[in-house]
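# Results of the structural survey
Listed below, chain by chain, are the residues.
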Amino acid sequence: MLLPEDLKQFTGGVEFYKHPLGPRMVYTEGVQYFAKKAGAYWFIDKVATELENLMAEQPFISLLLTVKNDKATLSVTDGNELTLCPTFKIDFTDAPEGEWRFWIESGGGRSTLLLPSEH
């Protein structure tokens, strides 16, 4: 079972993964670990496809994935609680319950999806 403490081991990742659906987006080892352990590669797909235009406009995006009762919501803000787009509702997931926070940092034509501990 994936716990929030498991993700704290990832700091300043060195390895990046490219996403085939979001050619300008890469993600870190911590995000890869989360997707694998949580069975949530769909999360990376959602970010790469649904937020591509937003990533081009915003230098920083904060994502909050909230999972409860096999359903999830994905909230997208500027990090100061200003909502950047409507909340995504996911009707089914087997990801573990809890609140999972991620960041997207953009610059130089590339966006990086990472865990806050990897900043």
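Residues numbered from 1 in each chain as written. Predicted model: local features only at pLDDT ≥ 70, side-chain atom pairs only at ≥ 80, totals over all residues. Heavy atoms only, no water.

### Remarks on the pairing of strand β1 (residues 16–19)
Here is the rule we go by: The pairing criterion for strands is at least two bridges between them, as found by DSSP. Secondary structure elements follow DSSP: runs of H or I of four or more residues count as helices, runs of E of two or more count as strands, with numbering from the N terminus.
Relative to strand β2 (residues 22–28), β1 runs antiparallel, the two being bridged by 4 bridges. Within β2, the residue paired with K18 across the bridge is V26. Here β1 hands over to β2 after 2 residues, the two strands then running antiparallel side by side.

### Notes on the side chain of Q32
What counts, and what does not: Only protein chains enter the accessibility calculation, which uses a 1.4 Å probe; a residue is then buried when its area is under 20% of its type maximum, exposed when over 50%, and partly exposed in between. In protein, a polar contact means a hydrogen-donor-capable atom and an acceptor-capable atom, both N or O and within 3.5 Å, with residues adjacent in sequence counting only if both atoms are side-chain atoms; elsewhere, any N or O pair within 3.5 Å suffices. The contact criterion used is simple: two residues touch if any of their non-hydrogen atoms lie within 4.5 Å.
You can see Q32 is positioned in helix α2 (residues 29–38). Assessed through its relative accessible area of 16%, Q32 is described here as buried. A polar side-chain atom of Q32 sits 2.8 Å from a polar atom in the side chain of Y41. In contact with Q32, not counting residues within four places along its chain, are Y17, Y27 and Y41.

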